[in-house]
Each structure stands twice: as C-alpha cells, then as structure tokens.
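Structure assessment
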Number of protein chains: 2
Amino acid sequence: MSRRKRLVVVGGVAAGMSAASRARRLDPDLEIEVFERSGFVSYGSCGLPYFVGGLVREPGELVVYTPEFFRQKRDIAVHVQHEVTAIHPDEHYLEVRDLVTGRQRQVEFDTLILATGARPVEPPIPGLDLKGVHFLRLVEDGIAIREHARALVAQGRRKAVVIGGGYVGLEMAEALVAVGMEVAIVERLPQVMPNLDREMAELVHDELRRHGVALYLGEGARAVLGDGGRVRALDTDARTLPADLVLVAVGVRPNSELAEAAGIELGAGRAIKVDEFMRTSHPAVYAAGDCADTVHRVSGRRAYIPLGTTANKQGRVAGENAAGGHARFPGVLGTAIVKVFDLGVARTGLTTREAALAGLEAAATTIRHGSRAHYYPGAGKLHVRLVHGPDGRLLGAQMAGPVDAVLRIDALVAALHAGMTVDQLYELDLAYAPPFAPVWDPVLVAARQAMNAIRGVAD
Amino acid sequence: MSRRKRLVVVGGVAAGMSAASRARRLDPDLEIEVFERSGFVSYGSCGLPYFVGGLVREPGELVVYTPEFFRQKRDIAVHVQHEVTAIHPDEHYLEVRDLVTGRQRQVEFDTLILATGARPVEPPIPGLDLKGVHFLRLVEDGIAIREHARALVAQGRRKAVVIGGGYVGLEMAEALVAVGMEVAIVERLPQVMPNLDREMAELVHDELRRHGVALYLGEGARAVLGDGGRVRALDTDARTLPADLVLVAVGVRPNSELAEAAGIELGAGRAIKVDEFMRTSHPAVYAAGDCADTVHRVSGRRAYIPLGTTANKQGRVAGENAAGGHARFPGVLGTAIVKVFDLGVARTGLTTREAALAGLEAAATTIRHGSRAHYYPGAGKLHVRLVHGPDGRLLGAQMAGPVDAVLRIDALVAALHAGMTVDQLYELDLAYAPPFAPVWDPVLVAARQAMNAIRGVAD
C-alpha cells in the first residue's frame, strides 16, 4: 500500500511558506507539513520597524496569510508553536515538540526543507537579560518593543540606545524617534552600514544627526547596567549612556544548528551550504532563506547575506525542486536599500573594501548631482558612487539622496548582472522628464566621471 | 598668417550649447560662435509646462546659463535673436540676420554644427491664427500661455482645449488644470500617448478623467472657430467644443530646411541624417538634437525621437568631434517617462505595435502588483508590461503607477541595452525594503509571468 510522499518544511516565514506553496502548486498529491516555532507564519518581518514606529498599526497587517489559509486553500498543514528539536535525514524523520502542550513526537519525511531563519546575534556583554533590553526578530518582539516604548514615553522616560548601526538598527532608531524617544546609536565600527564605503556612510551620519539621533561610533558596548532588574544605562568603551530601553541589533546568525547536528555541511557565515538548486550536502534536504548561504555574483564567492527578498526566491526554488522541478537560484549582488529619515540609501555589488577583500583591483568614483531637473520642486542632490575595475568593469554601486531617487540602484543591478563597463553604463538611454531626473541622469554623470578617471582625463 | 579655426553652431538650446561647451573644453584655441533665433539660450524647454502650471515661478529658473556666462566663462560668442537663413557648406560660410536690426551678414566657418531644433507641427486646419491659439516651444510661448490662461481664469473664462494627447499635451493639460482651467483633450487616435500599448494608455485615460480632464479620443480637430479674431470654439469630427484657449500639441517636426536646402541628406522623420559620430552627409557639418535623427537600438532602424536628454548627449558628441575628438552616440531605446497628475508613466524599447512595424514577432505580458510592501503607507499598484520575442528576448517595457515607482524603467533600460531575456530579468537581485518595493518586485513578477507565458505554464 503506497502512502503519499511527504514534504516537511521547518520554518514558516518567508522561505518556508514560499517553499511549501510552490511545492503544492507543482504537486497536488504531496503531503506537506510546516513546523513554525513562533505563533505567526508568512509575515513580513522587514515591516517590524514600521510597526514599532506606528506607520503600520496592527501586527496583523504584516501577515500575508494565516495558518488557516494555508490549511484550507493550499492543503498545507501548518503547525505554529512547534519546535523541531532534531532532524535525522538518513532515517528520514525529525523530532518536534509542541511548545504549548510540551508533547514530543517524531515525524517522517521523504524530503525536508530547512527554512529555520536566523536570530539576532547576542554580543558577549553582561546585562542582556535585564528588563528593557530588546532584540527584534519575531512579531512578538515588535509588539513588546512598541508597548514598552510607548509606556516609557508616557512616563517621560525617553532614553533609547540602539546597539548596532546596520539597517535594522537604523530603521529602529527612526521608529523609536517616531514614538517620541531620544535615540543614541552605539556602533563598534567607525561608521554605520558597513556595506557602504565610508564616504557614503558619512551622509547617513549627517542625516541621523539632523534628526537628533546621537551617534557613538567606534565605541563597543561593554555592559548593560540595571537597577532593580531594569535597564538604566549602557556602558561603552568611552562613556555611560543613560537608557530606559536598549535595542540590540548587531546582526543576525543563521539557525543552522539542527542541520549541523545532523551532519549537514555549513558554508559562508556558518549558514547551511546550498548549491544553486538549494540542495544541501544531504540529498533529502534542501535549505532556503536566512539559514542558507548563497553565491555573490560579482566576487564569485560564497556569501551570507540574509534578506527577505532572497528568502522568498530561494524558498520558491527549494519548493519547486522538492516537488521534482529543476529551478535554480542564481546568487545575489548584495543589493540593499534603506530609508533613513528623509534619506534614501542603496547599494549593490561590491564596495571598495569588499572588492579588496575579494582580491579585485578596484577604484571608485563618487559624484553629487541633481535628482531632478534643477527647476522642478523637490529636487535634491543624489550621491552616486561607482566601484569599478581598472578595465572599467562595474563592480558595485552606492547611492544616497532623496528617497524617491535611489530606486535607480535597480539600473545598476541590471548593469552589474550584465557585466557592463562604465563606458556601457554611460550609453544607457535612461529615463528623463523634469519630475524624475535631470537631462543628465546622475548615473550617467557618475559613469562619465569614472570613464574620465580611468583614462586620466578631465571632463 | 594663420587664423584661428572657427566652429559655428546654429541653435543655442540643449544640443547647441552642449556642443559649443564641449568643443571649447577640448580646444581652447577654437573660435566658437553660436546663433540662436530666440531670445534665450541654454534653457530647459521640458520645464515649460511646469512654468505654465506655476510649479516654476520665473522663466529665468529654466535657464541654465546666460549668453554672458558663455561669453565670459567659456569664450563662446553667443548671438541671440540671430536667425541663420542659409548655409553654404562647400563654401564654408552661412548667412545670418540680426532679428533686432534686420542686418544681414555672412559668417565663415571651418566646421558647422546644426542644432536647429524642432518646431510644433501645425495641423492643416483653419483658425490657427486666431488670438488664443497657442503652440509651446519657446520660453516666450510659455510666458504667453501662462499670462493668457491666468487672465482668462480671472475673467471666469475657463475653457481650454488641448489638441493632441502626446506627452506635451498631457503635461500642458495638467498645467492648465493647475491654473484653474477646465481642460478637454482632443486626440485623433483612439488613445493618448501613441508610444504606449492601448492597455497602458487606458490607465492614463482613467487618471486624466479622474482629474476632470475631458477626453475626446478618435476625433480629429477640424477647425478653430473665432469671434472678433479670438478663439471661441474647436470643431472636431463629432462636436463643437467651446474654447477660450486652444493649445496645439500634435507633435514636432525637425527644423531641417536649412540643411536640406544645402543638399544635406535627411533621414527618419525628415530630420537630418547623422551617423554615430553625429556627422551629416557633408564632411564639414555635424547635426545634433531635435533636428537630427538617430538609430533605435532594438529595431536597428533609423528613428526620429526628439528629447532633451538625447539632445544634450548628441550635442556633446558633436562638439567633441567637431574639436577633433572621436566620441560616438550609441542610439536610443525610445525611453520616455511622464507624470500625469498622480500617475507615473514610463516606457522603453518597442511597444507591441512598434515591434510589429519593425517586423519583429512579439508577445506581451502585463501584470499589476504592489509598488511597496503591502503594509507600508502609500503603497500603490504598479502596472508593468513587458514586450518580448518568442525566444524571451526583451523588446520593450511599459509601466504605469505611483509616481515614485516608475523610475524602475531604468532597470529595464539596462536590461534591454544588455539584450537580456525575460529569464535573465527574473534573475536580477533588485532592491527590496518596505518603503521602496515588495519582496517580489513588480519587475520580477512581470518577468516570471512572461516566462510562464512563453512556456505555456501557469505560475
């Protein structure tokens, strides 16, 4: 008597639910079970800062689909508050605990997709267990931070310290300012956003300061200090900052322990190593999303760059292949975009520093040019930095300027993908009309400047 | 005794002043003279609708540099209100009339650059000489229309009719609404913006009607009717529309008569035929800007697509080569972008219809998808239409949606330039963050849909 083949997905957020849905789409006969440790599935965790800041009113707005939707419309059995505690790929089963009842059971699978995500890094400093110290990962975290911040503001206790100047730290700094807190960012490196070259990061510093955010750069967090079990300050290498609330946002690490314990190979950043088909080192196991690594298309090296859009794409590929398909994920350029108050910041490919680390000879050209026709209201200045090889091949790009100007990064993404040189970039027939761009688009101005620099001529 | 070599430029707006400036940059010894028929040089004529609508307050804001600037800072002799009446390339001189004094003289040149621009097409209907009938080309036209429209509104005479639904017609309709007029657009074709496929143009129709603009599509203008020498109505094939002001915006034609009379070859749209170095058929004469044709990079055919950004680029190339350089202009994709009230519209490459005219087999895929994360405030729906060959090669793209979403067209420009297929487009690591894009960017959704359509599978 043949039973239906069973696909089990561990993790029910971006990659997991994309994988499950794609597998169902291709194979109506497959039995599909998803185990999710938290109480929510299929939500946009990238939206949490906007929920904290109040732009998004209800956590439910972040949820794309509910477990019931998946059960009823897609015949996918979703188990929230179920933690997978061990996987046994050779024996084709895993162990799972119902976090509500405590009951443990074994679940067999034919194919397994690991979409276990990532979790915030906990820096090795004392005091992280104090009340008022937060991490941001789950919807539950967002709710807790928002409630706490609002309660503090109502009491006139407004001091917030964000440890970490990555994009989550920056988005959360803005959110905390929006709810009325006075925010300081403590960053160990001499700049925020380490995936920008210093010159571009300085523009972000200016914008943060313009909005009243205090920056303590090149200062490590040493200890969170408490008072009666509650946070009251943060000690850095250089000073003590009073704090009613501390948010720790020093990056994430992949939840790869289940895989590692099962003997599955890890790759970049200790994420689960996958090939372009999202296959792990075990033939019955795929991995996708923030727990998996990938390939950087410019450097050709393995990279760990967790991001919501990548998670969705990888999940879709894993689900398709788990259902017998042959989809591939082509790798990333490390594209990122972030709004920091009124400044848009975007980047793709390699920075000067990343190029050097990848052993590539690189130079960079930075220009500042109008984002629209000079006479059109709301025109601002857009900074464009192009990183290129000595032969002119584009290696990366960074932008900072008006929020509505930086989606231009997508043109650079396509150019990088195509392996263009700065000369070819200069040939692009980019869009022009006064409300959108000046006659010489900043991208073209940057390309021309780069061409001149390479040839050693003035413009 | 050797004299300095002399470069003469006919026309002092975008192409002409770019050419003169570039030539000066490369050759400090060149004698450079520019003759401009109007009273202004180096202005952004694309900004005129925004001047009429009041977003730009003074005509001077549209001017980039004055004749004095060119004379003093760049040693370029600029003569405004000077009309060149004949050119004699073989004999290396031209005839020019001072429009103020009426004085005629001959000017010798070694090299000539024709940047004579274009002028509005005058449709063959009676009544165009009535007071209150306007064309838009020069700064002077913009001033006249603004003054006239404001005066009419002050008298409660609010009826404006725009003949022509191209982008100038649309921008001017919005401008006239902004100053308080009730606007109707009369367009001979069944849609506005003939460089969009019908399905996309319908979105523009909706937006115009939403803002109170009446559309009379598929109706030719037959006669402008007057009363005591002033316009009072427009007769179309189907009706009589009362009109206090009529704007005629049915396209432009190149000012190529000087060249033609001198035996210089004309090309697409009766514009001056140029090669990629902006050389005309006469070795001593270059042409650039709205008077010159170009090559469409997708169809490979000659095309006449006058646009400010192209004029600047071509002018720069002509100026460089006139000074002994070897720059080239690589052709266009027909990229265009326009704001119509709250709708952004953009296009590049070929429409379905243009592909058919170029003898290319083409299909199209249109999708509608969120422009930002669904939970982020201000998210709207972006329509993306991809035109592609049976092999998946991208031939063109069109977009309509939120104004801040359509700069994505630049990614399609780069993709087209690189000759990408829709499969390759789908691989792009486009930027994602909630304020800018949803996890699946609309461009990727469109690419996937196109892939599915080509393969005959459902998503």
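These numbers come from a predicted model, not from an experiment.

Across its full length, chain A holds 12 helices and 25 strands. The C-alpha atoms of chain A give a radius of gyration of 23 Å, which matches the 23 Å a tight globule of 459 residues would have. For chain A, the spread of C-alpha atoms along the three principal axes comes to 80 × 55 × 40 Å. Looking at chain A as a whole, 60% of its 459 residues are labelled buried. Considering only intrachain contacts with a sequence separation of at least 6, the fraction spanning at least 24 residues in chain A is 62%. Counting every atom, chain A has about 17,400 Å² of accessible surface; 49% of that belongs to carbon and sulfur.

All names here are of chain A. The three strands lie next to each other as β13-β14-β15, forming an open sheet whose pairing is antiparallel. Because the sheet does not close on itself, it has two edges, and the strands there are β13 (221-227) and β15 (240-242). Here the average twist between neighbouring strands, direction ignored, is 30 degrees. Where strand β14 (residues 230-236) and β15 come together, three bridges link them in antiparallel fashion. Bridge pairing in β15 places Asp235 opposite Thr240.

The subject of this paragraph is unusual backbone geometry. With phi around 65 degrees, A:Met278 is a residue other than glycine that occupies positive phi space. Within the secondary structure layout, A:Met278 lies in the loop between α7 (257-261) and β18 (285-287). Despite not being glycine, B:Asp75 has its phi angle at roughly 50 degrees, a positive value. Tracing the backbone through its elements, the reader meets B:Asp75 in the loop between α3 (67-74) and β3 (76-80). You can call B:Asp75 partly exposed: its relative accessible area is 42%.

Right, let's talk about the UniProt feature "domain: Pyridine nucleotide-disulphide oxidoreductase dimerisation" (unreviewed entry) in chain A for a bit. Mapped onto this numbering, the UniProt entry annotates "domain: Pyridine nucleotide-disulphide oxidoreductase dimerisation" (unreviewed entry) at residues 336-438 of chain A. Structurally, residues 336-438 of chain A is divided into 19% helix and 36% strand, and its ends, taken at the C-alpha atoms, are 24 Å apart.

Let us now look at the interface of chain A and chain B. In this assembly, 66 residues from chain A lie in contact with 66 residues from chain B. Buried surface at the junction of chain A and chain B, both sides included, amounts to about 5,700 Å², of which 63% is carbon and sulfur. Of all residues in chain A, A:Tyr375, A:Asp429 and A:Phe436 give up the largest surface area on contact with chain B, accounting jointly for 14% of the area buried on that side. At the junction of chain A with chain B, the criterion picks out six salt bridges. Ionic pairing is found between B:Glu427 and A:Arg297, a salt bridge with its closest N-O pair at 3.7 Å. Counting across the interface, chain A meets chain B through 23 residue pairs in polar contact (both at pLDDT 80 or more). Those elements that place two or more of their residues in the side of chain A that touches chain B are α1 (14-26), α8 (308-322), β21 (336-340), α10 (409-417), α11 (422-426) and α12 (442-455) of chain A. Per-element tally for the side of chain A that touches chain B: the top contributor is α10(A), with seven residues. When the residues that make up the side of chain A that touches chain B are grouped by side-chain class, the tally is 39 nonpolar, 11 polar and 16 charged.

Core analysis: the largest hydrophobic core is formed by 83 residues, its most contacted members being A:Ile337, A:Leu386, A:Leu425, B:Ile337, B:Leu386, B:Met399 and B:Leu425. With sequence-adjacent residues up to four places away left out, A:Leu425 is seen in contact with A:Leu386, A:Leu394, A:Leu412, A:Ala415, A:Met420, A:Val443, A:Leu444 and A:Ala447. Counting residues in hydrophobic clusters, the runner-up holds 49 residues, among them A:Met193, A:Val213, A:Phe341 and B:Tyr375.

With that settled, consider the relation of the copies chain A and chain B. Superposition record for chain A on chain B: RMSD 0.0 Å, screw rotation 180 degrees, translation along axis 0.0 Å. Considering both components of the superposition, the chain copies are consistent with a two-fold axis. Judged by C-alpha distance, A:Ala411 is the residue of chain A that lies nearest the rotation axis, at 1.9 Å. When the interface residues of chain A are mapped onto chain B, 100% of them again lie at the interface, so the same face is used by both copies.

Cut-offs and rules
- Residues numbered from 1 in each chain as written.
- Chains lettered and ligands numbered in written order.
- Predicted model: local features only at pLDDT ≥ 70, side-chain atom pairs only at ≥ 80, totals over all residues.
- Heavy atoms only, no water.
- Helix = DSSP H or I, 4+ residues; strand = E, 2+ residues; numbered from the N terminus.
- Rg over C-alpha atoms; globule rule 2.2 N^0.38 Å.
- Buried < 20%, exposed > 50% of the residue type's maximum accessible area, 1.4 Å probe, protein only.
- Contact = heavy atoms within 4.5 Å.
- Areas by Shrake-Rupley, 256 points an atom, 1.4 Å probe, with all protein chains shown as cover.
- Pairing = 2+ DSSP bridges.
- Axes fitted to C-alpha atoms, helices over the stretch in contact; angles between N-to-C directions.
- UniProt positions renumbered as here; feature names shortened; annotations may be inferred.
- Buried area = accessible area lost by both parts, 1.4 Å probe.
- Salt bridge = Lys/Arg side-chain N within 4 Å of Asp/Glu carboxyl O.
- Polar contact = N/O pair within 3.5 Å; in protein donor to acceptor, adjacent residues only side chain to side chain.
- Nonpolar A, V, L, I, M, F, W, Y, C, P; charged D, E, K, R; others polar.
- Core = buried A, V, L, I, M, F, W, Y, C linked by side-chain atoms within 4.5 Å.
- Least-squares fit on C-alpha atoms with pLDDT ≥ 70 in both.

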